Amino acid sequence: MNQTPARLRVAPSPTGDPHVGTAYMSLFNLAYARATGGAFVLRIEDTDRARYVATSEQQIYDTLHWLGLDWDEGPDIGGPYAPYRQSERLETYRPFVEQLIEAGHAYYCWCSTERLAGLRAEQQASKSPVTGYDRLCHGLTREQRAALPGFSETPVVRMLVPDDVELAFTDLIRGEVSAPRPDDQVILKADGFPTYHLAVVVDDHLMGITHVVRGEEWISSTPKHLLLYRWLGWPEPAFAHMPLLRNTDKSKISKRKNPAARLTWFLEQGYLPEALRNFLQLLAYPPVHDDEDVSTFEEFVAAFDWAKVNTTGPIFDLAKLNALNGHYIRALSPGDLADRVAAFAVREGQWTQPSQADAALLRRAVPLVQERLVLLSEAVPKLAYLFTADDDLVVDPDALAKAGPDAAAVVRAALVALEALPDWSHEAIQVALRGALVDGLGIKPKFAFGPVRLAVTGSTVSPPLFESMELLGRESSLARLRTLQSLL
Ligand code: GLU
């Protein structure tokens, strides 16, 4: 265990439904914060006003809380370095921009977007080895620049990236890493907002972040960030770049192409947060216990080590997640499972708020399906026949057509046997039906109970029949048998 308390952060941009990568980053950041007795910070990076989505921030809170990835400081709970929302920190960034300009590390640029687009097109057409901004504005006053074409009234501020910029850095996961030479990065936009690159460095420094842990896509930005640390005279944090999550065909998981890239998708599908958390622990990271995927967050934390992270983009294998979800569903107490099924079903519109009687019935019913559930979403459809009024139960017409010549006799004999049954337990129901149908009518067990199942559940495939009848009660069970009798 590392004894120096580390401060880590996750810094999502509220640009839509949160990406599953945000949960993945949060999990690893949080694990190291807990392993070192440090702190985990949530910072909202909302400086890109064009991509800002108002509902996104709440979704970030909701999905991370759902996963149990709780932060020690953040916009919603405050903390010693508040505010934690970048749009509320604009005054903080400004003096550092001035400082960099005065020191000659940054300069105003008045080039219009049209000029920059033209420049890019030209460089591409001529296959120029020189790419990026051509520094037209560098060293010019506003008046001098205004006299040239492609002038815009509202300038941006750019970094003056030196020729000898250090491109290599040490990564906790990857060791020595080398990135391509950066362009003269814009750090302050025309709208007065800092870009990500300036804001991330200023905030990580001011918030005392000791370890910057983020996705692999930010490796190419790190040399720019390191320049800013050096120019501002600040100590560098440690860096760890996590691998990008991949599809089975190795392509990058994207919100546009993969439903599973959206964190809320997992809630909508009926995954348990503990299963998704356990699944994320196994992405590019070895299981805590050999040959056993299941482990708690506490076990993950206790054995945590950056050196164990694999740099190959991990495959996002939903079959493995489903297996874990089934495991965690089986591990729940029936009461807990029923509560989660009800909360899920109401939230996702499968069910209206259940009455007390229905809630109690669900608690008694979930053990019938618990062993085979993969997703919470499967429970209510599988058990719907228990919550349907007898008159509203739809008997599968295909099954009815194929009910066979014995069906009417089976239902008649079942009714006789059950009407007289003194004890309405599933054991007594089974004994009575077996006696009446298998022994009495001489029908093979394989066929004997089919018509009864069809009557009671409306289908030929259902959770256990005798237990279902016990839960439904005598009156409902008999009413359903009589209805089928009239249909045959
Ligand atoms: N706001 C950045 C993002 O959305 C954060 C990157 C970082 O962690 O530095 O990915």
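Quick note: structure is the one above.
### Regarding the overall build of the chain
Alright, step 1. When helices and strands are counted, the chain shows 21 helices and nine strands.
Alright, step 2. Scaling as 2.2 N^0.38, a compact globule of 488 residues should have a C-alpha radius of gyration of about 23 Å, whereas the chain reaches 32 Å, well beyond that.
Alright, step 3. Summarising its shape, the C-alpha atoms of the chain cover approximately 105 × 50 × 40 Å along the three principal directions.
Alright, step 4. Going through the 488 residues of the chain one by one, you find that 49% of them count as buried.
Alright, step 5. In the chain, the proportion of contacts linking residues at least 24 apart, taken out of those at least 6 apart, comes to 75%.
Alright, step 6. A distance of 4 Å separates the average location of the 48 positive side-chain charges in the chain from that of its 62 negative side-chain charges.

### With respect to the site of the ligand
Alright, step 1. All residues in the neighbourhood of the ligand are listed as Arg9, Ala11, Ser13, Glu45, Tyr196, Val200, Arg214 and Trp218.
Alright, step 2. In the model, an oxygen atom of the ligand is placed 2.6 Å from a nitrogen or oxygen of the Arg9 side chain.
Alright, step 3. Residue Trp218 places a side-chain N or O atom 3.5 Å away from an oxygen atom belonging to the ligand.
Alright, step 4. With the chains in place, 83% of the 300 Å² that the ligand exposes on its own is no longer accessible.

### Focus: the side chain of Ser26
Alright, step 1. Here Ser26 is to be found in helix 1 (residues 20-35).
Alright, step 2. From its side chain, Ser26 meets the backbone oxygen of Thr22 in a polar contact 2.6 Å long.
Alright, step 3. Those residues in contact with Ser26 that sit more than four places away from it in its chain are Val10, Phe40, Leu64 and Leu69.

### Here's the deal with the pattern of salt bridges
Alright, step 1. The tally for this structure, following the rule as stated, stands at 24 salt bridges.
Alright, step 2. Measuring nitrogen to oxygen at the nearest pair gives 2.8 Å for the salt bridge that ties Glu45 to Arg43.
Alright, step 3. The exposure class of Arg43 is buried, given its relative accessible area of 0%.
Alright, step 4. Across the salt bridge formed by Arg482 and Glu419, the nearest N and O atoms sit 3.2 Å from each other. Separated by 63 residues along the polypeptide, Arg482 in helix 21 (residues 474-487) and Glu419 in helix 16 (residues 407-419) bring together distant segments of the chain.

### Some details on the side chain of Asp46
Alright, step 1. By secondary structure assignment, the location of Asp46 is in the loop between strand 2 (39-42) and helix 2 (56-66).
Alright, step 2. Of the residues examined, Asp46 reaches a relative accessible area of 3% and is grouped as buried.
Alright, step 3. For Asp46, the side chain forms a polar contact with the side chain of Ser87, separated by 2.7 Å.
Alright, step 4. Beyond its immediate sequence surroundings of up to four residues, Asp46 is in contact with Pro14, Tyr52, Arg85, Gln86, Ser87 and Phe193.

### Notes on the packing of aromatic side chains
Alright, step 1. In this structure the tally under the stated criterion is 24 aromatic pairs.
Alright, step 2. Aromatic pair Phe28 and Tyr285: ring centres 5.6 Å apart, planes at 75°, arrangement edge-to-face. Of this pair, Phe28 sits in helix 1 while Tyr285 is found in the loop between helix 9 (273-281) and helix 10 (297-302), placing the two residues 257 residues apart along the sequence. As far as burial versus exposure is concerned, Phe28 and Tyr285 are alike and both buried.
Alright, step 3. Between Phe297 and Phe300, the aromatic rings sit 6.3 Å apart at their centres with planes inclined by 45°, giving tilted as the arrangement. With a gap of three residues between them, Phe297 and Phe300 both fall in helix 10, about one helical turn apart.

### Side note on the packing of helix 19 (residues 450-457) against helix 20 (residues 465-472)
Alright, step 1. Running from amino to carboxyl end, helix 19 crosses helix 20 at an angle of 40°, the nearest separation of the two axes being 11 Å. Looking at the two axes, helix 19 sits oblique to helix 20. Two packed elements cross with a definite hand, and for helix 19 against helix 20 that hand is left-handed. Note on element contacts: helix 20 touches helix 19 through Leu465, Met469 and Leu472, opposite Val452, Arg453 and Val456.

### So, the pairing of strand 4 (residues 151-159)
Alright, step 1. As defined by bridge partners, strand 3 (residues 106-111) adjoins strand 4 across five bridges and the pair is classed as antiparallel. Opposite Tyr108, over in strand 4, you have Val157 as the bridge partner.
Alright, step 2. In this sheet, strand 7 (residues 186-188) lies alongside strand 4 in antiparallel orientation, the contact comprising two bridges. Opposite Val157, over in strand 7, you have Leu188 as the bridge partner.

### Topic: the pairing of strand 1 (residues 7-10)
Alright, step 1. Residues Arg7 and Arg9 line one face of strand 1 and the alternating positions Leu8 and Val10 line the opposite face, and both faces are buried.
Alright, step 2. The sheet contact formed by strand 1 and strand 2 spans four bridges and is parallel. If you follow Val10 over to strand 2, its bridge partner there is Leu42.
Alright, step 3. Between strand 1 and its parallel partner strand 2, the chain crosses via helix 1, and the hand of that crossover is right-handed.

### Describing the packing of helix 3 (residues 90-102) against helix 7 (residues 222-232)
Alright, step 1. Contact geometry for helix 3 and helix 7: axes closest at 11 Å, N-to-C directions at 80°. Considering the angle they form, helix 3 stands roughly perpendicular to helix 7. Between helix 3 and helix 7, the contacting residues are Phe96, Gln99 and Leu100 on the first element and Leu228, Trp231 and Leu232 on the second.
Alright, step 2. Looking at the contact of helix 3 with helix 7 residue by residue, the class counts come to five nonpolar, one polar and no charged.

### Section: helix 11 (residues 318-331)
Alright, step 1. For helix 11, which comprises 14 residues, the first-to-last C-alpha distance of 20 Å matches the rise-based estimate of 20 Å (1.5 Å per residue) to within 8%.
Alright, step 2. Check the buried side of helix 11 and you find it contacts helix 8 (263-269), helix 9 and helix 12 (334-347).
Alright, step 3. The backbone nitrogen of Ala319 lies 3.1 Å from a side-chain oxygen of the residue at the head of helix 11, namely Asp317.

Basis of the calculations
Residues numbered from 1 in each chain as written. Predicted model: local features only at pLDDT ≥ 70, side-chain atom pairs only at ≥ 80, totals over all residues. Heavy atoms only, no water. Helix = DSSP H or I, 4+ residues; strand = E, 2+ residues; numbered from the N terminus. Rg over C-alpha atoms; globule rule 2.2 N^0.38 Å. Buried < 20%, exposed > 50% of the residue type's maximum accessible area, 1.4 Å probe, protein only. Contact = heavy atoms within 4.5 Å. Lys, Arg positive; Asp, Glu negative; His and termini not counted. Charge placed at Lys NZ, Arg CZ, Asp CG, Glu CD. Near = heavy atom within 4 Å. Polar contact = N/O pair within 3.5 Å; in protein donor to acceptor, adjacent residues only side chain to side chain. Areas by Shrake-Rupley, 256 points an atom, 1.4 Å probe, with all protein chains shown as cover. Salt bridge = Lys/Arg side-chain N within 4 Å of Asp/Glu carboxyl O. Phe/Tyr/Trp six-rings, centres within 6.5 Å; stacked < 30°, edge-to-face > 60°. Axes fitted to C-alpha atoms, helices over the stretch in contact; angles between N-to-C directions. Parallel < 35°, antiparallel > 145°, perpendicular 65-115°, else oblique. Left-handed = near helix turned anticlockwise from the far one by under 90°. Pairing = 2+ DSSP bridges. Right-handed = clockwise from strand over helix to strand, strands pointing away. Nonpolar A, V, L, I, M, F, W, Y, C, P; charged D, E, K, R; others polar. Expected span 1.5 Å × (residues − 1).

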